[in-house]
Structure formats: structure tokens, C-alpha cells
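Read off the chains here:
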Number of protein chains: 2
Amino acid sequence: MATPTIRDVAREAGVSTATVSYVLNDSRRVAEETRQRVLQAAQRLGYRANIIARNLQASETRLLGYTWRPTPPDQFNPILDQFLNAIAQAAARHEYHILTFPTTSIEEEIAIYREMVLTGQVDGFVLSNTNLDDPRVRALLEIGFPFVAFGRSNPQWDFPWVDVDGVHGVVLATQHLLERGHRRIGCLAWPEASLTGQYRLEGYRRTMAEAGLAVDPAWIMRTENTYEDAYRTACAMLSLPSRQRPSAIIALSDLMAIGAMNAAADLGLEVGRELAVVGFDDAPVARFLRPPLSSLAQPIPEVGERLATMLIDLVNGRQPAEPHVLLKPTLVVRASSAFRYTE
Amino acid sequence: MATPTIRDVAREAGVSTATVSYVLNDSRRVAEETRQRVLQAAQRLGYRANIIARNLQASETRLLGYTWRPTPPDQFNPILDQFLNAIAQAAARHEYHILTFPTTSIEEEIAIYREMVLTGQVDGFVLSNTNLDDPRVRALLEIGFPFVAFGRSNPQWDFPWVDVDGVHGVVLATQHLLERGHRRIGCLAWPEASLTGQYRLEGYRRTMAEAGLAVDPAWIMRTENTYEDAYRTACAMLSLPSRQRPSAIIALSDLMAIGAMNAAADLGLEVGRELAVVGFDDAPVARFLRPPLSSLAQPIPEVGERLATMLIDLVNGRQPAEPHVLLKPTLVVRASSAFRYTE
DNA sequence: GGCCATTGTTTAAACGTTTAACCACAGGCC
DNA sequence: GGCCTGTGGTTAAACGTTTAAACAATGGCC
């Protein structure tokens, strides 16, 4: 009843364990007749090689570690599901699996990385949500352990990453709004410390400049990525005198976009007619909002796919073909910004 | 530079590997002086026992497997984040970790379970989203491998599960609506095949019966758990003649509740004044909707916590103290149903 | 017939732990 | 002095693979 080992198969086939291993892994020439005997014996016993034993021998785990901070109740994580799935799927294709573990702070996260490296629990790590001078990146570079990151960190540091081009995304959004007739466009941005926030804001600034439009400083307001903050800040922006008030708002996340939409509604402004709103992330719920929210969709499946294969390359000592990948988001236009705006 | 093994520590401390192991695991009396020498040697070398080797020796993996179907684009998964975190956290407390892997169908899922059991890749499984006569439950019972399920399946089958009491949840919701003056209450339900759907609907039926109210068959409409279906179905329900039309709708999920809210809006009915809507799951977005959506919150952290500890008990051959746990959801009342209704 | 190459198989070490079984020694007791 | 007990340590097997190295048998060639 206990699961059969390679020894059982060897006995059953009247052959040594080495031969069994060679047959099953196709790693050496074996006489056809013997081959068949072994295969049949394995089949009969329902034998499958034990993974831990194999891993010990190969001194690898075929596990990739991933952790993320649990989402606080005033936010939501629109991509975890897709992201996790994408990396797990790509990993599975190479017979790797994802090991998830919870962490509550960056410090704890780093401590656990160290511990896992030392105990040999995983072969590499996937980081997400990196920031400027991210201490996790620094730590892993210093340890010299394989990892890849969803997001950039410090141009000086050489490590493999995949990121979504925030500049390009917001350029698309801004151009789209300009096309629809908007001239006063506001941006609900993140604190300056956020690298992702910097890129996205840059897209806005650049496009406005190229269009020859001056940006009123009151049109750029920074807040934390929470609904409440975004709501309050949008209220402030929309309470500007009517000649100064933006007719369109780009929010750096869908969560904040929802805050803006609700602020507008509470101030008696109709989103989709008097005010345009565009978000970022294309959260599943964006389609279901009233009006449906335009948003920048990140190619999360491809991000995950690329990260996983890059990491597997690294783990196996291969230099990834493209260690820095910048993918383009696509703008999904919905009713919140589809209308033509006229003064 | 290579990570040190127990042999290195033994050499460094001038002692055998057995002694090192005994000291580090506190599994036998060792003279204090030797103990210190070993501890210091280990410290000096930064030694940590290799997990794979330990696992091979103990023939365990300290991994718990979990898989879920990626959410299709017309739905969302409001609890994955929390759930995964809860089980990972509880598991970590006992030095277990979660292994995630993707599957695209129930059949594939079962095949992978079989494979993982045979190759000894995990010590047990966490199932979620179980249904009546769930084939996964049947397969794992037949294999005789440790698992726990979030959700019930077949009263005849004896297996450990944790579930949220759907009957009680919808009883709460229905009572709440009755209290606010509603008499014609509709229910957006799931296809009959859904066990969870059966329980929830039962809560509605029971409460209506206890209140002595006859349920018009047109008030119960079944659809798949998608936004589009829910929207269409809600339109149908709200297009009933005004004396027959429900003044309140209980939807079996927040996704469907959103469909109902939008249907109402499109038919010119004001949710929160003319129509009450209550959902189920308390998705993060429920708070941000307009009006904010009342919903039944599932105690997901506790579900995950219980499941993980139950599974770890099982894996270690202990009978879980409570193998069947039914937790109560709580009703979160928000503006979508807080108002008092009068004809 | 001796030598060599080729083919097919086995032997045994290795991966890094844990742990049962054994051993050495000291002290106490008769 | 012999025996027993307790203490503190070591030896070696085991977990289940993979794989380098050794070995045996066969056939071809000079």
C-alpha cells in the first residue's frame, strides 16, 4: 500500500535501480527489451519518482517563492488572481511550482528571504510592487540569489525585471482625453516616493507639454492609494472655480478613480458627460461601474509569464535573453470618458 | 561560499554530525560544554539545516497544495487574496507553506492531485468551492490522502470541512429587509445544482415562511454567477407589474448584486430609496459602490485559519477536534438597504 | 588468439539530514 | 574486583533518487 520506490520497480523488473532510473529519465541507452520490462514494471506498480528525493539529489527544490502584503480593507488588489495564475502556469510548464507565504512588512520579508535561501527552501523569488531603492532588491542582490521583479527600482542596479510602461499608459490616456476635447485635465497622483507614480505622472506631463498646454499646479494632487484619500482629494480638485476645474481626471489606479467618480457624483457632476475619468489597472469591477470606467489594462498574464520564464532561466544558470522588459498597457475606453467634451 | 552542511558544523565543533543534530533539535541530552561549542560553531558558519534533506529523512514536505480556477473576465474573486493569506499565515505558524498551482478544469485538478500524491509533492490539500457530490472530494477520499474543504459536498461522505452558514446569512438579510418594511422580496439565485446556492436560497424561503409571507414564484430567478446574466435577470424581475414587483432583492453574490443595481438604475429605479439590494461576500468594492452595497461578510480569515490547522492536524495523524465547522456570516448594512420602505 | 571498441548493465557513492543502536567511561554499590 | 547504571558521545543506516565509474559480454579486426 505504501507508495512504491525505485527499488520496488527494480526488483519487479529484475534489474538494478540504476537501469530503472536510466529508462525512466531516458538518460542513457538501454536495450529495448529491458526498457520494456522496466516500463511495464513501473506501470504495474504505479510508480512515480519521489520528488523530494530527486530534489535532494539535484540539490534544487523546483519551487519559486512569492509573497505579497495582504490588502488592507480600504483597498483592493485587482491583479493578484491573474498574476498568481500567470506565474504558476508558466512555472508549471517547466515543472516548477509557486510557494506562497505571508509577510507583514518589508523587513520581515527580507528576513524570510534570507532564511529561505539558507534553508534551501526555494530556488528563486518573484518580487512585486518594487519601489525606488527597494531594500528587498538590494538584499537579494547582495545575497546573490536568483530573483526577478515586477517593477523597476534603481537604474544603477542590475537585476532582471518586467514592468508595465506607466509613461506610455498615461500618454495614451491623456491623448485620448485631448482628442475628446478636454483641455483642463487633472491627475490624481501618488506620493513622490512612488517610482511607479513618477512614471505615470511623467506620461501626463509630457503629453500636456507636447500639446502645448500649461498645467495648472492645482491639477496635480498627490495622495496615498486609498479610496478615502482619493475621494477627499478629488473633492478638492473638483471644487476649484469652474474656469479652473478640470473637465477630466486621470487617476493612477482604479481605486482612486472610483473615489473620483464618487466625489464627482456627490458634487453633482455627471461623470461621462460633464467629467471624464480614466483609471489604471482595469480592475474587473471597472466594467460594472456606473458609468463603466475607462482604464489602462496591464498585460498581467504576459508579465507573469515573462517573469516566471526569466526566473527559471536564471535558476538554471542561463542568462535570460531579455533581462529588462517594458510592456505596454492598453487603453480600454468606456463610458466614463468616451463622450466628446465641449465647453 | 557554498552553504555549510551539518558536516561542516561538526568539523568546526570537533564533534560528530549526530551530536550537532541533537543539539540543534534539542532531541537529546548533550553536555552543556559541548552544546555551547556546537551552537557557536553553527552560529559562526551561519548554518541552517537544509529543508529538503530534512524532509526526505522525515518523508514529508511540509507543503499544503491549493489550486483555484482563474476567474473569468466577467466575474471577480472577492476572497482569494484574504483566503490565501489566511491559510498561508496559519500554515506558517506550524512551519508549513502553501504550494499553489493552476488548473483549468475539475478533471485536470483531480489528475494533478493524483500525480502530486504519487510523487509526494505535498502533505495535504485545501479544496475550495466544493459542490454537491464533488468529484474532487470523492477522489481524495478514495485515495485516502489528507485534505480539507472550504464548503460541504455530500452529507453521506465523511470528510473535514469548514463552511459559512449560507442559510443563516440569508436569514439575516431577509429579516433585515422585513424589518425595513419590505414585503415583496426577490431572490437572485444560482442554478439548482449549486449546493451553496441551495443553502442560501433556503434561508430566504424559511424566513419568508416564518413571516407568513407567500413567495411569488416570479420572485425567485436563477442564473449563473455572472454579471451579464444577473443584469438581464434582474431586468426581468424588475419589469414585473408594479404590484408584483419586489421592493427588495437579495442576490447570492455581490457580483450579481451589482448586476441588479445597474438593472434598477437603467429601469429608472433608485436603489436605496425605491429598491433595496443586498449582496453576499462583502467584496472590497461593495463599500465603494453608489449607493454602497449591503452585503453578507464571510469570516474568511477564520475559515482559512481553521482549514489550515485542521489539515495540519490530519497530516500529522491527529484527528481534528472539530472536523465540521459552520461559521456565521455577518450582515453589513449599507445605504443600498438601510432605508425604511413604505408602499 | 589477442586487442579494442561498443553496448548494456551493475555497483556504489552522493545529496544532507535524523536517529536507532552501539560504545566508552565514570561512579556507586555489593 | 565485578557488576550495574547513567551520561555523553559516535557509528552507521536510512530516507529515495541520480549518476560516475566499473564491469561483463560481444563482435570485429589484424
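See the structure shown above.
1. Thoughts on the sheet that holds strand β2 (residues 97-102) of chain A
Pairing is mixed across the open sheet formed by twelve strands, whose spatial order is β11(A)-β5(A)-β4(A)-β3(A)-β1(A)-β2(A)-β2(B)-β1(B)-β3(B)-β4(B)-β5(B)-β11(B). One side of each edge strand has no neighbouring strand; the edge strands of this open sheet are β11 (324-327) of chain A together with β11 (324-327) of chain B. Strand-to-strand twist of the sheet, defined as the mean angle between neighbouring strand axes without regard to direction, takes the value 20°. Sheet topology places strand β1 (residues 63-68) of chain A next to strand β3 (residues 124-128) of chain A; three bridges connect them, and they run parallel. Bridge pairing links tyrosine 66 of chain A to valine 126 of chain A in β3 of chain A.

2. Some thoughts on the protein's contact with DNA strand C
Around DNA strand C, 27 residues are found, and the nearest of them are Thr19, Arg28 and Thr34 of chain A together with Ile6 and Ser21 of chain B. Near the protein, meaning within 4 Å, the atoms of DNA strand C are sugar or phosphate in a fraction of 52%, with bases accounting for the rest. For DNA strand C, a base nitrogen lies 3.4 Å from a polar atom in the backbone of alanine 53 of chain B. A distance of 3.5 Å separates a base oxygen of DNA strand C from a polar atom in the side chain of glutamine 57 of chain B.

3. Brief notes about the packing of helix α5 (residues 80-93) of chain A against helix α12 (residues 300-315) of chain A
The axes of two packed helices give the description: the angle between them and the distance between them. Residue and element names in this part refer to chain A. α12 packs onto α5 with a crossing angle of 40° between their chain directions and a minimal axis gap of 8 Å. Considering their axes alone, α5 and α12 lie oblique with respect to each other. Helix-helix and strand crossings are classified by hand; for α5 and α12 the assignment is right-handed. Packed against α5, whose contacting residues are Gln82, Phe83, Ala86, Ile87, Ala90, Ala91 and Arg93, the element α12 presents Ile300, Pro301, Val303, Gly304, Glu305, Leu307, Ala308 and Ile312 at the interface.

4. Some details on the packing of aromatic side chains
Considering all chains together, one arrives at 20 aromatic pairs over all chains under this definition. Seen in terms of ring centroids, phenylalanine 125 of chain A and phenylalanine 145 of chain A are 5.7 Å apart; in terms of plane orientation they differ by 50°. Their pairing is tilted. One end of the pair, phenylalanine 125 of chain A, is in strand β3; the other, phenylalanine 145 of chain A, is in the loop between α7 (135-143) and β4 (147-150), and 20 residues separate them in sequence. Since its relative accessible area comes to 0%, phenylalanine 125 of chain A is described here as buried. Residue classification places phenylalanine 145 of chain A among the buried residues on the basis of a relative accessible area of 17%. Through pairs of rings, three or more aromatic residues link up here, namely Tyr66, Trp68, Phe83 and Phe150 of chain A. We note arginine 152 of chain A situated over the ring of tyrosine 199 of chain A; from NZ or CZ to the ring centre the distance is 3.8 Å. Arginine 152 of chain B extends its terminal NZ or CZ atom over the ring of tryptophan 161 of chain B, reaching a point 5.5 Å from the ring centre.

5. Re the protein's contact with DNA strand D
Taken together, 27 residues lie around DNA strand D, and Ile6 of chain A together with Thr19, Arg28, Ala31 and Thr34 of chain B are the ones closest in. Sugar plus phosphate, as a fraction of atoms of DNA strand D within 4 Å of the protein: 51%. Here a base nitrogen of DNA strand D and a side-chain polar atom of arginine 7 of chain A are 3.5 Å apart. With respect to DNA strand D, the side chain of tyrosine 47 of chain A contributes an N or O atom lying 3.0 Å from a sugar or linking oxygen.

6. With respect to the packing of helix α1 (residues 6-13) of chain B against helix α3 (residues 32-45) of chain B
All names here are of chain B. Packing of α1 against α3 brings their axes to within 9 Å, and their N-to-C directions diverge by 125°. Classified by the interaxial angle, the pair formed by α1 and α3 is oblique. Where α1 crosses over α3, the handedness of that crossing is right-handed. For the pair α1 and α3, the contacting residues are Asp8, Val9, Glu12 and Ala13 in the first and Arg37, Val38, Ala41, Ala42, Arg44 and Leu45 in the second.

7. Considering the interface of chain A and chain B
With 52 residues of chain A in contact, the opposing surface of chain B contributes 52 residues. Each partner contributes to the roughly 4,500 Å² buried at the junction of chain A and chain B, and carbon and sulfur atoms together form 62% of this total. Taken as a group, Ile52, Phe288 and Arg290 of chain A account for 15% of the area that chain A buries against chain B, more than any other trio of residues on that side. A salt bridge links arginine 287 of chain A to glutamate 228 of chain B, with the shortest nitrogen-to-oxygen separation between them at 2.5 Å. The tally of links from chain A across to chain B stands at 18 residue pairs in polar contact (both at pLDDT 80 or more). Put simply, the parts of the chain that give the side of chain A that touches chain B at least two residues each are α4 (51-58), β1, α5, β2, α6 (106-119), α10 (227-238) and α11 (254-266) of chain A.

8. Considering the pattern of salt bridges
Summed over all chains, the structure comprises 47 salt bridges over all chains. A salt bridge links aspartate 282 of chain A to arginine 334 of chain A, with the nearest nitrogen and oxygen atoms 3.0 Å apart. With a gap of 52 residues between them, aspartate 282 of chain A in the loop between β9 (276-281) and β10 (294-297) and arginine 334 of chain A in the loop between β12 (330-332) and α13 (335-338) connect regions that are remote in the sequence. Among the residues examined, arginine 334 of chain A registers a relative accessible area of 16% and is labelled buried. With a shortest N-O distance of 3.1 Å, arginine 306 of chain B and glutamate 302 of chain B are connected by a salt bridge. You can see arginine 306 of chain B and its partner glutamate 302 of chain B sitting in helix α12 (residues 300-315), four residues apart, about one turn around the helix. Classification of glutamate 302 of chain B by relative accessible area gives partly exposed; the value is 34%. Linked through salt bridges whose partners overlap, the residues forming this network are Arg69, Glu109, Asp134 and Arg136 of chain A.

How each quantity is defined
- Residues numbered from 1 in each chain as written.
- Chains lettered and ligands numbered in written order.
- Predicted model: local features only at pLDDT ≥ 70, side-chain atom pairs only at ≥ 80, totals over all residues.
- Heavy atoms only, no water.
- Pairing = 2+ DSSP bridges.
- Helix = DSSP H or I, 4+ residues; strand = E, 2+ residues; numbered from the N terminus.
- Axes fitted to C-alpha atoms, helices over the stretch in contact; angles between N-to-C directions.
- Near = heavy atom within 4 Å.
- Polar contact = N/O pair within 3.5 Å; in protein donor to acceptor, adjacent residues only side chain to side chain.
- Parallel < 35°, antiparallel > 145°, perpendicular 65-115°, else oblique.
- Left-handed = near helix turned anticlockwise from the far one by under 90°.
- Contact = heavy atoms within 4.5 Å.
- Phe/Tyr/Trp six-rings, centres within 6.5 Å; stacked < 30°, edge-to-face > 60°.
- Buried < 20%, exposed > 50% of the residue type's maximum accessible area, 1.4 Å probe, protein only.
- Lys NZ or Arg CZ within 6 Å of the ring centre and 35° of its normal.
- Buried area = accessible area lost by both parts, 1.4 Å probe.
- Salt bridge = Lys/Arg side-chain N within 4 Å of Asp/Glu carboxyl O.

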